[in-house]
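# Per-entry structural report
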Amino acid sequence: GGDIAVASRPGEGSEFTVTVDLKNAREEPVHSSPGESTEDVSGLHVLVAEDNDINQEIMRSLLHELGVSCDVAENGEEAVAAFARHPGYDGIFMDVQMPVLDGYEATQKIRRLTDPWRANIPIIAITANAFAEDRQKAFNVGMNGHIAKPINTEILRETLRELL
């Protein structure tokens, strides 16, 4: 259902023209790269607990790029309070090293909530600590996932797709 043509001039190069009838093709994002996940995570709403202003902006930007909206809390105590006020989060990205209440303690407080839906919300650690023991500590306190900084958009998308 299409045509391929080539025009070539010695010393100048070649021009390839491909014409394809796409009326029956499945719709795929044009910007996809080989191996890139195309599963849509847009429309999710998450809480980001992060004390560093630059890291907050990076997370906002990466999530926005994926079509995910977010609210930001500057420490674990604010994250627990924000989660208590907002029942509609799909998940929480939790920095583990924050002032006032760190991410581990904040996660434990959330896991002790009496409402099972709230107590079991997906919580993903975001941290520069990427050793196996750091991942294990995150899982031991009740986190569901672990993303090492600097955060890669495709890893973020895959984590959202798997856990949320």
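Because the structure is a prediction, the values reported are computed rather than measured. (Residues numbered from 1 in each chain as written. Predicted model: local features only at pLDDT ≥ 70, side-chain atom pairs only at ≥ 80, totals over all residues. Heavy atoms only, no water.)

## Section: the side chain of Thr159
Heads up, the condition is: Elements are defined by DSSP. Helices are runs of H or I of four residues or more, strands are runs of E of two residues or more, and each kind is numbered from the N terminus. Burial classes follow relative accessibility: with a 1.4 Å probe on protein chains only, a residue under 20% of its type's maximum area counts as buried, one over 50% as exposed, and anything between as partly exposed. For this analysis, a polar contact is any N or O atom pair within 3.5 Å, provided that within protein one partner can donate a hydrogen and the other can accept it, and provided that sequence-adjacent residues contribute only side-chain to side-chain pairs. By definition, residues are in contact when any of their heavy atoms lie within 4.5 Å.
Residue position: Thr159 is located in helix H6 (residues 153-163). Take Thr159: its relative accessible area is 13%, and that puts it in the buried class. At 2.8 Å, the side chain of Thr159 and the backbone oxygen of Ile155 are in polar contact. Those residues within four positions of Thr159 in sequence are excluded, and the remaining contacts are Ile124, Ile147 and Leu164.

## Comments concerning the pairing of strand S6 (residues 123-127)
Let me state the cut-off plainly: When DSSP locates at least two bridges between a pair of strands, those strands are taken to pair. The crossover handedness rule: strands pointing away from the viewer, path from first strand over the helix to second strand clockwise, crossover right-handed.
Of all 5 residues that make up S6, 5 are buried, and the element is covered over most of its length. In this sheet, strand S7 (residues 145-148) lies alongside S6 in parallel orientation, the contact comprising 4 bridges. Among the inter-strand pairings, Ile126 is bridged to a residue of S7, identified as Ile147. Regarding topology, helix H5 (residues 132-140) serves as the crossover connection from S6 to the parallel S7, and that connection is right-handed.

## Details of the nonpolar core
Defined as follows: We call a set of buried Ala, Val, Leu, Ile, Met, Phe, Trp, Tyr and Cys residues a nonpolar core when their side-chain atoms join them within 4.5 Å.
Core analysis: the biggest nonpolar cluster contains 21 residues, and Leu47, Ile92, Met94 and Met143 have the highest contact counts within it. For this core, the secondary structure elements donating two or more residues are strand S3 (45-49), helix H2 (76-85), strand S5 (91-95), helix H3 (103-111) and S6. Ignoring anything within four residues of it in the chain, the contact list for Leu47 reads Asp71, Val72, Ala73, Ala79, Ala82, Phe83, Tyr89, Gly91, Ile92 and Phe93. Ranked by size, the runner-up nonpolar core spans 17 residues in total, among them Met59, Phe93, Ile124 and Leu160.

## Some words on the environment of Ala82
Residue position: Ala82 is located in helix H2. The sequence separation of Ala82 and Leu47 amounts to 35 residues, and the corresponding C-alpha distance is 8.1 Å. Ala82 has contacts with Leu47 and Tyr89, leaving out every residue within four places of it along the chain.

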